[in-house]
Amino acid sequence: MARPTVQSIANELGLSKFAVSRALSGKSGVSEGTRKLVEDTAKRQGYQPRVLRQASTNELAVIVRDAPTANRELWIDVRNGVEMQAMREGFSIRMAESEDAEEVAEMAENSLGVILLGPNRRSVMEAACASGRPVVACCHSIPPLLEIDQVTGSDEESGAVVGEFLLSLEHRDIVYVHGQTGFPGREARLRGLLSAVEGSARVSELALSKDYASSEFVPAMRRILDEGASPTAFFCGSDGVAITCQSEILRLGLSVPGDVTVVGHADYPLATQVSPMLTTIHMPHREIGLQAVHMIRNRISQSVGPVQHLSMRVQLVAELIERESSGRPGTPDWEGCLSRAGGAAT
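Residues numbered from 1 in each chain as written. Predicted model: local features only at pLDDT ≥ 70, side-chain atom pairs only at ≥ 80, totals over all residues. Heavy atoms only, no water.

Caption draft 1: Just the sheet that holds strand β1 (residues 59-64), in detail. In space, the six strands of this open sheet follow the order β2-β1-β3-β4-β5-β11, with parallel pairing throughout. Both edges of this open sheet fall to β2 (92-97) and β11 (313-316), since each of them pairs with a single strand only. Sheet twist, expressed as the average angle between the axes of neighbouring strands with direction ignored, equals 20 degrees. Sheet topology note: the strand β3 (residues 113-117)/strand β4 (residues 135-138) ladder contains four bridges and is parallel. Bridging from a neighbouring strand, Val-114 pairs with Val-135 of β4. Across the sheet, helix α6 (residues 101-109) lies against β1, β2 and β3, angled at about 160 degrees from β1, the strand it touches most. (Pairing = 2+ DSSP bridges. Helix = DSSP H or I, 4+ residues; strand = E, 2+ residues; numbered from the N terminus. Axes fitted to C-alpha atoms, helices over the stretch in contact; angles between N-to-C directions. Contact = heavy atoms within 4.5 Å.)

What follows is the structure, encoded as structure tokens:
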């Protein structure tokens, strides 16, 4: 017979592994009725809690869900920060790709601490949390009130800063270009933009199937114009998206920034490798990695002060970098340009 586990109790009761773990450890967040039910089930199954061993290694587990996530420039930059600070602190790093909660729990128990890079399944985050090791999530969002530390960039504030910047240049018709949708950081930046320009500017949204799907730009712009917009500024979900937009705007025969302003996000090296160079938001991606290791060190040494028992949500502040692609509103002839490009309404 298999050894009873937190998962076997959760399966029998239809609860999450996280809820069962909290009930068995006496933590808040579950009702007394649920706690008693969990304890009775654990006793009946013969569950014996694992005793968290003193870590016999100076290794940190750095976990990302899959190779496509690991190879995104954002998470490469964060990982570089992790590796740099780990070297300073005397930690070694074990990189792993996994979406399996049980595998992550095992890695956590055999490490000094865990850093989760990028988006991860809720079950993975809860398994890392239940391990008892210090855990820091470097990602845009985590389950509410999950008791792990988080460090990320100030995405919503970044959107608000871009909104204020465009208003200061007197732009009143703006397109927010998601690029590929489904990224929490991009949604947060849109919220910030909308809050900053509310009542002062029109904001249209443009989505692409992929960040570099340039062939979709003209049809998307046709739809935006059909809705009555005549944009003079584009704020884009990433620098890659911004370059896609800027290239298509220039191809249409419009000028950047003479007719149209383009603003990117992240400040990757490619932002200065195009002409005109991109105005963008510099995100402290490497510093997110540095901070994650620092937070692990503090948790291990119990030196985080009087609130050491509380999990932390840390946002590092970004910076607007003004370059050549931004200026005051022009008078772009969208209708003429789109008609010549074959984007006229049918």
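Next, the rest of the story.
Caption draft 2: Just the pattern of salt bridges, in detail. Counting across every chain of the model gives 17 salt bridges. Linking Asp-66 and Arg-65 is a salt bridge whose minimum nitrogen-to-oxygen distance equals 3.7 Å. You can call Asp-66 partly exposed: its relative accessible area is 22%. Classification of Arg-65 as partly exposed rests on a relative accessible area of 31%. For the salt bridge of Arg-189 with Asp-155, the shortest nitrogen-to-oxygen distance reads 2.3 Å. Here the residue Arg-189 occupies a position in helix α9 (residues 184-197), and Asp-155 occupies one in helix α8 (residues 155-168), the gap between them amounting to 34 residues. Like Arg-189, the residue Asp-155 is buried in the burial classification. Among the charged side chains, a salt-bridge network with shared partners connects Arg-222, Asp-226 and Glu-335. (Salt bridge = Lys/Arg side-chain N within 4 Å of Asp/Glu carboxyl O. Buried < 20%, exposed > 50% of the residue type's maximum accessible area, 1.4 Å probe, protein only.)

Caption draft 3: Layout of the sheet that holds strand β8 (residues 233-236). Taking strand neighbours across the sheet as the criterion, the four strands line up as β7-β6-β8-β9 in an open arrangement whose pairing is parallel. Of all strands in the sheet, those with a lone pairing partner are β7 (202-207) and β9 (261-263), marking the two edges. Each neighbouring strand pair of the sheet contributes to a mean axis angle of 20 degrees, computed without reference to strand direction. Pairing geometry for strand β6 (residues 173-179) and β8, over four bridges, is parallel. Bridge pairing links Tyr-176 to Phe-235 in β8. Together, β6, β7 and β8 form the strand contacts of α9, whose direction differs from that of β6 by roughly 170 degrees.

Caption draft 4: How the structure looks around the side chain of His-178. Along the chain, the position of His-178 falls in strand β6. What makes His-178 buried here is its relative accessible area of 5%. Of note is the side chain of His-178, whose polar atom sits 2.7 Å from the side chain of Glu-205. Residues within four places of His-178 in sequence aside, it is in contact with Arg-186, Glu-187, Leu-190, Glu-205, Leu-206, Ala-207, Gly-237 and Val-241. (Polar contact = N/O pair within 3.5 Å; in protein donor to acceptor, adjacent residues only side chain to side chain.)

Caption draft 5: Spatial organisation of the packing of aromatic side chains. Tallied over the full model, the rule gives three aromatic pairs. Measuring from centroid to centroid gives 5.4 Å for Tyr-176 and Phe-235, while their planes differ by 70 degrees, and the two rings are edge-to-face. With Tyr-176 in strand β6 and Phe-235 in strand β8, the pair connects residues that are 59 residues apart, well separated along the chain. Accessibility assignment for this pair places Tyr-176 and Phe-235 in one class, buried. When the ring of Phe-217 is compared with that of Phe-234, the centres are 6.1 Å apart and the planes differ by 40 degrees; the resulting orientation is tilted. On the criterion of sequence distance, the pair formed by Phe-217 in helix α10 (residues 217-226) and Phe-234 in strand β8 is long-range, its members being 17 residues apart. Accessibility classification places Phe-217 together with Phe-234 in one group, the buried group. Here a set of aromatic residues connected by ring pairs shows up, and it is made of Phe-217, Phe-234 and Trp-334. (Phe/Tyr/Trp six-rings, centres within 6.5 Å; stacked < 30°, edge-to-face > 60°.)

These figures capture arrangement, not role.
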